[in-house]
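Topology and contacts: notes
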Amino acid sequence: MPRRDDLHKILLIGSGPIVIGQACEFDYSGTQACRALRGAGYEVVLVNSNPATIMTDPDVADRTYVEPLTLEVLERVIERERPDALLPTLGGQTALNLAVDLANRGVLEKYGVELIGASLWAIETAEDRDRFKQTVLKAGCEVPRSGYAHSMEEAKRLGEEIGFPLVVRASFTLGGLGSATVWAESELEHAVARGLSASPVGRILLEEYLAGWQEFELEVMRDRRDNVVIVCSIENFDPMGIHTGDSITVAPAQTLSDRDYQRMRDAAQRIMRAIQVDAGGSNIQFAVNPRDGRMLVIEMNPRVSRSSALASKATGFPIAKISALLAVGYTLDEIPNDITKKTPACFEPALDYCVVKIPRWAFEKFPAADPVLGTRMKSVGEIMAIGRTFPEALLKGLRSLELDGSAKGLGQAAGEEDLPALREQLRLPTWQRIRQLWAALAVGEPPMEVSRYTAIDPWFLHQIQRVTDLENEIREQGTIEALDPDTLRRAKRLGLGDAHLAHLTGAREAEVRARRLALGIRPVYKAVDTCAAEFDAETPYFYSTYEEENEARPGGGQKVMILGSGPNRIGQGIEFDYCCVQAAFALRDAGFEVVLVNSNPETVSTDYDVSTRLYFEPLTLEDVLHIVDTEKPEGVIVQLGGQTPLKLARGLDEAGVPLWGTSFDDIDRAENRARFADVVRELGLRQPANATASTREQALTEAQRLGYPVLARPSYVLGGRGMRVVYDRGQLASLLEEMPPSAEEPVLLDEFLEGAIEVDVDALSDGTETLVAAVLEHIEEAGIHSGDSSCVIPPYSLGEEMVERIHEATKALAAKLRVRGLLNVQFAVRGQALYVLEANPRASRTVPFVSKAVGIPLAQWAALVLSGKTLRELNAIDIPEPKLVSVKKPVLPFNRFPGEDSLLGPEMKSTGEVMGRDVDFGYAFAKAHAGAGESLPTGGTVFLSLRDEDKRPALFLARKLADFGFHLLATRGTWRFLTMNGIECERVFKVNEGSPNVVERIAAGSVHLVINTPLGRESLFDEKAIRAAAVAHGVPCVTTIQGATAAVAAIESQIRRALDVRHLQEEDNAVAAEARTS
Amino acid sequence: MSAAVRLKHEAILALEDGRVFRGRRLGAEGEAYGEVVFNTSMTGYQEILSDPSYAGQIVTLTYPLIGNYGVRADFFESRRLFAEALVVREAAEFPSPWRSEGRLAEFLEERGVVAIEGIDTRALTRHIREKGELKAVLSTTDLDDKRLVAKARASAGLLGRNLAAEVTCKEPYRWTPEGAEAAAPAPAAPPSGPRRARVVVYDFGVKRGILRSLAGLGLEVVVVPAATPVERALAYSPVGVVLSNGPGDPAATPEAVAAAQGVIGKLPVLGICLGHQVSGLALGAKTNKLKFGHHGANHPVMNVPANKVEITSQNHGFVVDPSGLPRGAQVTHRSLNDGACEGLAMPEKHLICVQFHPEASPGPHDSHTLFQDFSRLCGLSAERRREAPIEAGAGAPGEDS
Ligand SMILES: Nc1ncnc2c1ncn2[C@@H]1O[C@H](COP(=O)(O)OP(=O)(O)O)[C@@H](O)[C@H]1O
Ligand SMILES: Nc1ncnc2c1ncn2[C@@H]1O[C@H](COP(=O)(O)OP(=O)(O)O)[C@@H](O)[C@H]1O
Ligand SMILES: [Mg+2]
Ligand SMILES: [Mg+2]
């Protein structure tokens, strides 16, 4: 059955901003889908609010709407574009939910849009617990026993039926609020009472809790002729009860016999048929009781998912691409397998290696968050590693995580006396679990015993014990010189990195490397080929291992190597992958062979057809140097993948690897505080006054000299971690208790610029000339991390002269730092003073946003400049002024971390961002808010609570809001001020003043916008409670006066005119003019 | 670890073309000869080792981690292990304990199977892919490369060897619904079982999966040795005959071809693997040897009449060349990978046969309905099967406990 010719134009919905549980895997899938559909001759219309994605680049789809993912926007796009079909299965849960809403509201019918990929019935059946359960049961599979209860009696009756343990989940709550595991009947009453009161509809779900069961996933594809294939099986190392996104997972399944596996495979096929997934892929989760083999179906997602991205990378089978092709009518046997080229995609990949995925969390940024892992996902990123054995893949994975010490192995030599404590810790799974069980095994706790209290299959634990045994053996042998060559060989074959061996033998990593190379111990590369070498594959996709035969085919052309950015984390996310991918595209077009190295399975960069050759490897010096030795590239690019590759610059430089771009020494001049201060001084620019203190007394004296408030941070952390604004001596003193300074780890102090405007600049320099691509003005003032503040292109409040000065300062810095390639500078402006906060000679988080706002391929230009082109040759000197206003807004993960205060500060906390574009600032800001899921109201109630300094500037805003017909609500101080100034306003209690108080009003859904500017110092209980309530109930909450001003402008724009959508490809001029006249 | 100890554990796989792989001994002490083949199945090592079709072959498993879930009495596909030797990258020292009854290493040792671990099995697989299936020797006793290569060269290959005669059962037996071998019924005795219908299975190296599948249909299953004269088989008054899978070169198994010639046209016939090949030969077609066979559980096959793809379990080194088939015979299944004939039918003669393994074990159950097709061909309605459409015979839940 060939492609459908009755379809011409297809609408694709992206997944919006990166949030926990929905990350850049959907950029990967969406990009693949766009390319596949266009390749098949369809016109593709894309809507996605996330500017940092590859899919929203203007050349990926035919029409790209970087607009908020709301029903209103989608209806406008549909009205304008009249697509024949909507493909909703590639944009995560967001796209699926929107498609359901569009269908149920009749929008699809009205405009004659067909839902392809998954029918409404299929989506709803998979989503609706009861319907799913009934359908699965009918298909002959089992599900956990469960039921809903609305009262204590009902719950008790159900509890008896289900048995214990069971889990109580409150319906319609966020962040797992009101859910609890109930181990015995005696705990039931308490849990039910809490659950019922937490649920806004007073309903709870009781479900059999599958304690100690194993969790598995299958990635399944089905076409419209009912051909079904299982692409990959995934076994969770962690048992049921820990979300698959928070579990270490392994592919293929390791501990299932053929009989058990086939039983699961049969069930998956039946479920695909029962749910009627007619043309696409699904993820199905199973629980297996290891003791009796009982198998239950947990859930199915009739769309591509995080796991399907992982499965694609693990097998080489491009699930998203094939899903898209199935949706337009192809069948599996008609699609060729890209990798073998000779065989069709209708097959089940055979692996001859082991794949391990390890999540990466960000708990250090959310100290108040509950660190226990459970059924709600909390990790912000992940890595994948490939090896020929499980220990090899696991160890490669651990070093890919780039966590403190993870490259050194985890077996911190605990003593047996630590065992009781370790056992206790291991009972509650946290992100430290792998370390803890490592330590327990290292001191001789038997795997069977560890399994008893972790429910991890002993097979995995025995495998880890092989590593801890070898670690002990190596420690006993003493130094690296004393280490017997055979042991060293065994260690490398088992997966121990050089840094790990250095740690065990007390050597330096370079010494381990030297000894190893002297013994001729080097890795080889094997191909990922979908077929376990059965067919000759043309795959350009490799992993390293210690085996006999090397399959690397380094090729002979002009070669450049791009180092990727590793696991996503807060502060280093998809933006850097975007830059790497753009660079790969540009350099391949320019005739280079591009060798890409990365360890992140969610990304576009690890799609095997983005680069000429892909090495799925950890980004450590050891692993990168081996690839360099194999490929011998002309140059290595370290400035596009964020801090990860930049940190390798020194080691690569020392090893004589040719680095393209700013030299290592110049990078250091920008990063080293003392050296950078010289640069700034010599240029006659200004920095906030600062000091370095290595004792407590010194810190207190220096702070006095700088004048409070000061910004304090430990010297050894990056990404704003541990940064704190300190308002007085007392606060500083207690902070110094927490991080006592020393000569090695001094504390850094800066004069804190209160009330300054922060500005980000992205520039590109070819060594002679510098292009200032954009000046981004932040909406929140300095003190809120640049990654967490909203920003605008072009600047909306800075004067022309100041913008000019910023341009000049940037160019001067670029010249002085001898920048080749990208440069990001952060400035603060206070009055007429311009301060340099920092300069990063690398790609920044804002490069993709700038590219889209200004309409230039900045990352591509950067790559070409690195390859030796000049800006003039690229015609990149004079770029046109952007015609639209673009606003970038961060998206924060607080709804995942109840208990964590949502107040922003100098430490970055956002996971993603959205972009709003329009002819005026107000509408652009309104769209950014809507895109972030916090649509600003055009009517209703606004709650105001302002600190004294903000009251006067807020008067104007309050008056406007009142004029627009908003009902105003305020606590005593603000209420008095507003009433005194003649603005009508209702007073509401603070939390401790009685009922109904503001938090209750928010919870009741009768507040539509919160404007709450905090007192700066320790935020008060009330403020925290208000913000927490806003987060929990999805009410937009503005915490700065600048944010409030912008919000009011946005409200005004939304009231003044109707929503307008526009795509990136249209002539901005024409549209802008049209919009203005309409 | 001292050199002497290591030496004791050493094992060598030497190929006739001179390539040598050194690794560690995994199973029994000794030396084994055979043609080295690779299987890409990621599960089912015990089923593979005990599949009589692997007689004469040294099996390399391409999945590197083998033995993870241990071994179990009920995973046997026959009475014993038939593969001549086993080659793996790494055998699990400690299997997942839940359903395991033993470890792979001891299992092999106890059954006298020589095995090697620790070699670059992917390199070996690529070598076989390039050079074709080669004669080889796996030794833990002789560790001299040159001598071993010479031994490999001198060994008997598969071509022209009648292995079916070596692996078939000695006496007829009845396969009970409970999954055991019992005394064969007297030919005149009425068939037992819910269907009151009997099938005779010619054992050229039959897998228990086939017997379970047939018994699962409610049929009485009588297994007869390969050399059983057709009249003797027909004396059981079966409703149909199954020509089983088996090892080796079909052209070198005259009694199997004779059985096929004798039964085709007389009764409904189901041929599987070798049974398919000898059916082809009986109809006048030829068989060819593949460069490297199809061995794995992920082979896509187009079911031509149904216009649907089935993922099948395959294990064959020879194929039927359909050009020699008579009128009225049709190719019903084709490999999507290389176009090989994977199944044929001749409706007028009530013959269906497939090159792959519909009984799976190990592998997917996509083609399991073929047994129902056969039962229908035998004139039995599908009524009973419909009551329990879920569990295919090979994966019936009762067998897992
Ligand atoms: N009945 C249960 N008992 C124990 N753990 C469960 C149960 N149901 C789900 N889980 C755990 O919760 C996780 C999330 O549940 P799931 O239904 O898959 O929701 P999501 O849509 O977040 O993926 C699963 O990965 C599993 O580990
Ligand atoms: N002297 C200062 N005064 C006010 N705010 C500052 C000052 N220095 C830094 N900040 C704020 O802290 C944030 C993070 O600091 P920065 O030095 O850029 O660290 P990072 O390396 O995390 O980007 C900045 O975005 C800015 O908002
Ligand atoms: Mg799930
Ligand atoms: Mg910064």
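Residues numbered from 1 in each chain as written. Chains lettered and ligands numbered in written order. Predicted model: local features only at pLDDT ≥ 70, side-chain atom pairs only at ≥ 80, totals over all residues. Heavy atoms only, no water.

Brief notes about the overall build of chain A
Looking only at helices and strands, one finds 36 helices and 39 strands in chain A. Counting only C-alpha atoms and orienting by the principal axes, one finds that chain A spans roughly 80 × 70 × 65 Å. Counting only residues that meet the buried cut, chain A has 65% of its 1078 residues in that class. Restricting the contact set of chain A to residue pairs at least 6 apart, pairs at least 24 apart contribute 70%. (Helix = DSSP H or I, 4+ residues; strand = E, 2+ residues; numbered from the N terminus. Buried < 20%, exposed > 50% of the residue type's maximum accessible area, 1.4 Å probe, protein only. Contact = heavy atoms within 4.5 Å.)

A short note on the packing of aromatic side chains
Residues and elements named next belong to chain A. Applying the stated rule across the entire model yields 22 aromatic pairs over all chains. Considering the side-chain rings of Phe 592 and Trp 660, the 5.7 Å spacing of their centres and the 80° angle between planes classify their relative orientation as edge-to-face. Here Phe 592 is found in the loop between helix 20 (574-589) and strand 20 (593-598), whereas its partner Trp 660 is found in strand 23 (residues 659-660), with 68 residues between them in sequence. Pair check on accessibility: Phe 592 and Trp 660 agree, each one buried. When the centroid spacing of 4.5 Å and the interplanar angle of 15° are considered together, the rings of Tyr 796 and Phe 921 count as stacked. Remark: Phe 921 occurs in helix 30 (residues 921-931) and Tyr 796 occurs in the loop between strand 30 (791-793) and helix 27 (800-816); sequence separation between them is 125 residues. (Phe/Tyr/Trp six-rings, centres within 6.5 Å; stacked < 30°, edge-to-face > 60°.)

Focus: the site of ligand 1
Residue and element names in this part refer to chain A. With respect to spatial proximity, 15 residues lie near ligand 1, and among them Glu 207, Glu 208, Glu 215, His 243 and Glu 299 are the closest. At a separation of 2.6 Å, an oxygen atom of ligand 1 approaches a polar side-chain atom of Glu 215. Contact distances for ligand 1 include 2.9 Å between an oxygen atom and a side-chain N or O atom of Gln 285. Protein chains bury 84% of the 540 Å² of accessible surface belonging to ligand 1 in isolation. For the shell around ligand 1, the class distribution of residues is 5 nonpolar, 5 polar and 5 charged. (Near = heavy atom within 4 Å. Polar contact = N/O pair within 3.5 Å; in protein donor to acceptor, adjacent residues only side chain to side chain. Areas by Shrake-Rupley, 256 points an atom, 1.4 Å probe, with all protein chains shown as cover. Nonpolar A, V, L, I, M, F, W, Y, C, P; charged D, E, K, R; others polar.)

Notes on the packing of helix 23 (residues 664-671) of chain A against helix 24 (residues 673-682) of chain A
Residue and element names in this part refer to chain A. Across the interface, helix 23 lies against helix 24 with an axial gap of 5 Å and an inter-helix angle of 85°. Regarding the angle of helix 23 to helix 24, the classification is roughly perpendicular. Contact residues: helix 23 offers Asp 665, Asp 668, Arg 669, Ala 670 and Glu 671, while helix 24 offers Arg 673, Arg 675, Phe 676 and Val 679. Of the residues assigned to the contact of helix 23 with helix 24, the class counts are 3 nonpolar, no polar and 6 charged. (Axes fitted to C-alpha atoms, helices over the stretch in contact; angles between N-to-C directions. Parallel < 35°, antiparallel > 145°, perpendicular 65-115°, else oblique.)

Focus on the interface of chain A and chain B
On the chain B side, the residues contacting the 69 residues of chain A number 59 residues. Together, the buried faces of chain A and chain B total about 5,500 Å²; carbon and sulfur atoms form 48% of this surface. Broken down residue by residue, the surface that chain A buries against chain B is led by Arg259(A), Arg388(A) and Glu534(A), which jointly contribute 15%. Where chain A packs against chain B, one counts 15 salt bridges. Where chain A meets chain B, there are 32 residue pairs in polar contact (both at pLDDT 80 or more). Elements supplying a minimum of two residues to the side of chain A that touches chain B: strand 11 (228-236), helix 9 (258-275), helix 15 (447-454), helix 16 (458-477), helix 17 (485-494) and strand 17 (524-527) of chain A. Among the elements that take part in the side of chain A that touches chain B, helix 9 of chain A stands out by supplying 11 residues, more than any other. Each residue belonging to the side of chain A that touches chain B can be placed in one class, and the counts come to 26 nonpolar, 15 polar and 28 charged. (Buried area = accessible area lost by both parts, 1.4 Å probe. Salt bridge = Lys/Arg side-chain N within 4 Å of Asp/Glu carboxyl O.)

A few points about the coordination of the magnesium ion (ligand 3)
Residues and elements named next belong to chain A. For the magnesium ion (ligand 3), the full set of protein donor atoms is Gln 285 (OE1), Gln 285 (NE2) and Glu 299 (OE), at a range of 2.1 to 2.7 Å. Of the two residues, Gln 285 sits in strand 13 (residues 280-288) while Glu 299 sits in strand 14 (residues 295-301), which places them 14 residues apart along the sequence. Of the residues examined, Gln 285 reaches a relative accessible area of 7% and is grouped as buried. Since its relative accessible area comes to 31%, Glu 299 is described here as partly exposed. (Donors = N, O, S within 2.8 Å, 3.2 Å for Na, K, Ca; no water.)

Looking at the side chain of Lys927(A)
All names here are of chain A. Mapped onto the elements, Lys 927 comes out in helix 30. Relative accessible area serves as the criterion here: at 2%, Lys 927 is assigned to the buried category. Each residue touching Lys 927, except ones within four places of it in the same chain, is listed here: Glu 67, Pro 68, Gly 916, Arg 917, Asp 918, Leu 1059, Asp 1060, Val 1061 and Arg 1062.

Some words on the coordination of the magnesium ion (ligand 4)
All names here are of chain A. Within the first shell, the magnesium ion (ligand 4) binds the protein through Gln 826 (OE1), Gln 826 (NE2) and Glu 838 (OE), at distances of 2.1 to 2.7 Å. Highlighted residues: Gln 826 in strand 31 (residues 821-830) and Glu 838 in strand 32 (residues 833-840), separated in sequence by 12 residues. When its relative accessible area of 32% is taken as the criterion, Glu 838 is described as partly exposed.

Some remarks on helix 1 (residues 25-39) of chain A
Residues and elements named next belong to chain A. Between its first and last C-alpha, helix 1 extends 21 Å over 15 residues, near the 21 Å set by a 1.5 Å rise per residue. In terms of residue burial, helix 1 counts as a mostly covered element, since 12 of its 15 residues are buried. Count one or two residues on from helix 1 and you reach Gly 41, which has phi positive near 95°. (Expected span 1.5 Å × (residues − 1).)

Remarks on the sheet that holds strand 23 of chain A
Residues and elements named next belong to chain A. The strand order 17-18-21-20-19-22-23 describes an open sheet built from 7 strands, whose pairing is mixed. Each edge of the open sheet carries a strand with a single partner, namely strand 17 and strand 23. On top of the sheet, helix 20 reaches strand 19 (559-563), strand 20 and strand 22 (635-637); it is set at about 170° to strand 19, its chief contact. (Pairing = 2+ DSSP bridges.)

Structural notes on unusual backbone geometry
Phe164(A) connects to Pro165(A) through a cis peptide bond whose omega is -5°. As for its position among the elements, Pro165(A) is in the loop between helix 7 (152-162) and strand 7 (166-170). Between Ser361(B) and Pro362(B) the backbone carries a cis peptide bond, its omega angle lying at 5°. By the secondary structure assignment, Pro362(B) is in the loop between strand 20 (351-354) and helix 11 (370-377). The phi dihedral of Lys632(A) falls on the positive side, at around 45°, and the residue is not glycine. Mapped onto the elements of the fold, Lys632(A) is located in the loop between helix 21 (621-631) and strand 22.

A closer look at the environment of Asp498(A)
Residues and elements named next belong to chain A. Relative to the assigned elements, Asp 498 resides in helix 18 (residues 498-505). Residue Asp 498 is classed as buried on the basis of its relative accessible area, which comes to 0%. The contacts of Asp 498, once residues within four sequence positions are left out, are Lys 492, Glu 509, Val 512, Arg 513, Arg 516 and Glu 622. Reaching out from Asp 498, the side chain makes a polar contact with the side chain of Arg 516 at a distance of 2.8 Å.

Structural notes on the nonpolar core
Soluble, globular proteins show a tendency: their nonpolar side chains are buried together. Formed by 113 residues in total, the largest nonpolar core has its most connected members in Leu12(A), Leu37(A), Leu87(A), Ile386(A), Ile562(A) and Leu587(A). A per-element tally of this core places helix 20 of chain A first, with 10 residues. Sequence-distant contacts of Ile562(A), defined by excluding residues within four places in its chain, comprise Cys580(A), Ala583(A), Ala584(A), Leu587(A), Val594(A), Val595(A), Leu596(A), Val597(A) and Ile637(A). Counting residues in each nonpolar core, the second largest holds 73 residues, with Leu422(A), Tyr54(B), Ala83(B) and Leu86(B) among its members. (Core = buried A, V, L, I, M, F, W, Y, C linked by side-chain atoms within 4.5 Å.)

Points about the environment of Glu142(A)
All names here are of chain A. Take Glu 142: it is sitting in the loop between helix 6 (129-138) and strand 6 (146-149). Judged by its relative accessible area of 37%, Glu 142 is partly exposed. Placed 224 residues apart in sequence, Glu 142 and Phe 366 show a C-alpha to C-alpha distance of 38 Å. Other than its neighbours up to four places away in sequence, Glu 142 contacts Val 136, Leu 137, Arg 294, Met 295, Leu 296 and Val 297.

Section: the side chain of Ser282(A)
Residue and element names in this part refer to chain A. Its location among the elements puts Ser 282 in strand 13. Its relative accessible area of 2% is what places Ser 282 among the buried residues. Other than its neighbours up to four places away in sequence, Ser 282 contacts Leu 218, Glu 219, Val 220, Met 272, Val 277, Met 300, Asn 301, Pro 302 and Arg 303.

So, the pattern of salt bridges
Residue and element names in this part refer to chain A. Scanning the model with the defined rule gives 113 salt bridges over all chains in all. A salt bridge links Arg 522 to Asp 629; its shortest N-O distance comes to 3.9 Å. Linking Arg 522 in the loop between helix 19 (509-518) and strand 17 with Asp 629 in helix 21, this pair joins segments that are 107 residues apart in sequence. The partly exposed category is assigned to Asp 629, whose relative accessible area is 32%.

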